[in-house]
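Next come the chains, spelled out residue by residue.
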Amino acid sequence: MEEKYICSPKAYVSRTQREAVNGHKSFVLWLTGLSGSGKSTIAHLLEQRLHEEGIRSYVLDGDNVRRGLCSDLSFTPVARRENMRRISELGKLYVDAGIICICAFISPLREDRAMIREIVGAEDYIEVFVNCPVELCEQRDAKGYYRLAREGKIKNYTGVSALYEPPLDCSLIIPTERLDVCQSVNLLYTHLKPRL
Ligand code: ADP
């Protein structure tokens, strides 16, 4: 990995000053888990809760990233890694801007998540595993993709025809099989509170 660069070497306003004005710290909150495990749902409700408290955050997920910044990328392992790299670099800029960046991505591979941690910086990176058995994710099939993957109409679909490696060293596990949406967001919020 190349030597880390300073985000804004010529800036007159530092991250610390931005955080002081905002009244909270900034970091990247990274939600990993299978499709349908609940990442986006939790991310957006957390963002709403933080917003109500005057805490600046922004959600990055497939919906906003894959349409623009990463619209040129496919779903091969190499393209997925590049997708993760770009999002991590964006997250790092959010952190420098004093904003909490909530990232909701399957991010299935440990190696790729290690890269994300490296780019963002371990001290600014909080990894959360949104854990739900594939059978239940498939039952939920929020986007209808599991059915298409089973029919072979989508290739390399995580949990069906592509590997998901659960984190070994994450900061928090949210078991969405056992918790409802509200309990899941509360658990996450309580976990983050000391970091704000
Ligand atoms: P992902 O972003 O991981 O692909 P989504 O958030 O889009 O998943 O979809 C998850 C689905 O599971 C939603 O329909 C949501 O209402 C449902 N769900 C059930 N229990 C939970 C929970 N505890 N946390 C989050 N979502 C849940």
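Look a little higher up for the structure.
Residues numbered from 1 in each chain as written. Predicted model: local features only at pLDDT ≥ 70, side-chain atom pairs only at ≥ 80, totals over all residues. Heavy atoms only, no water.

A. Up close: the site of the ligand. Gly-36, Lys-39, Thr-41, Lys-143 and Leu-179 are the nearest of the 17 residues found near the ligand. The contact in question runs from a nitrogen atom of the ligand to an N or O atom on the side chain of Arg-140, over 3.3 Å. In isolation the ligand exposes 570 Å². Once the protein is present, 79% of that is buried. For the shell around the ligand, the secondary structure elements donating two or more residues are helix H2 (39-52) and helix H8 (181-192). Here the element with the most residues in the shell around the ligand is H2; it accounts for four residues. Of the residues in the shell around the ligand, the class split is five nonpolar, eight polar and four charged. (Near = heavy atom within 4 Å. Polar contact = N/O pair within 3.5 Å; in protein donor to acceptor, adjacent residues only side chain to side chain. Areas by Shrake-Rupley, 256 points an atom, 1.4 Å probe, with all protein chains shown as cover. Helix = DSSP H or I, 4+ residues; strand = E, 2+ residues; numbered from the N terminus. Nonpolar A, V, L, I, M, F, W, Y, C, P; charged D, E, K, R; others polar.)

B. Structural view of the sheet that holds strand E4 (residues 125-131). Overall, parallel pairing links the five strands, which are arranged E2-E3-E1-E4-E5 in an open sheet. A strand with exactly one partner marks an edge of an open sheet, and here the two such strands are strand E2 (57-61) and strand E5 (172-175). Mean inter-strand twist for the sheet, computed between neighbouring axes without regard to direction, equals 20 degrees. Bridge count between E2 and strand E3 (residues 100-104): five bridges; the pairing is parallel. From the neighbouring strand, Ser-57 faces E3, where its bridge partner is Ile-100. The strands touched by helix H4 (residues 77-96) within the sheet are strand E1 (28-32), E2 and E3, with E1 carrying the most contacts at an inclination of about 150 degrees. Here H8 sits on the sheet in contact with E1, E4 and E5, set at roughly 170 degrees to E5. (Pairing = 2+ DSSP bridges. Axes fitted to C-alpha atoms, helices over the stretch in contact; angles between N-to-C directions. Contact = heavy atoms within 4.5 Å.)

C. Molecular detail of the packing of aromatic side chains. With the rule as written, the count across this model stands at five aromatic pairs. A ring pair is formed by Phe-129 and Tyr-164, whose centres lie 5.9 Å apart and whose planes are at 20 degrees; its orientation type is stacked. Placement of the pair is Phe-129 in strand E4 and Tyr-164 in the loop between helix H7 (145-150) and E5, with a sequence separation of 35 residues. Comparing Phe-129 with Tyr-164, the two get one shared label, buried. Ring geometry for Tyr-146 and Tyr-157: centres 5.2 Å apart, planes at 85 degrees, overall edge-to-face. Taken together, the residues Tyr-146 in helix H7 and Tyr-157 in the loop between H7 and E5 connect sequence positions eleven residues apart. (Phe/Tyr/Trp six-rings, centres within 6.5 Å; stacked < 30°, edge-to-face > 60°. Buried < 20%, exposed > 50% of the residue type's maximum accessible area, 1.4 Å probe, protein only.)

D. Seen up close, the packing of H4 against helix H5 (residues 110-120). Contact geometry of H4 with H5 gives a least axis separation of 9 Å together with a crossing angle of 25 degrees. Our classification of the angle between H4 and H5 gives roughly parallel. For the pair H4 and H5, the sense of crossing is right-handed. Between H4 and H5, the residues in contact are Arg-81, Met-84, Arg-85, Ser-88, Glu-89 and Lys-92 and Glu-111, Asp-112, Met-115, Ile-116, Ile-119 and Val-120, respectively. Of the residues belonging to the contact of H4 with H5, the class tally is five nonpolar, one polar and six charged. (Parallel < 35°, antiparallel > 145°, perpendicular 65-115°, else oblique. Left-handed = near helix turned anticlockwise from the far one by under 90°.)

By themselves these figures say nothing about function.
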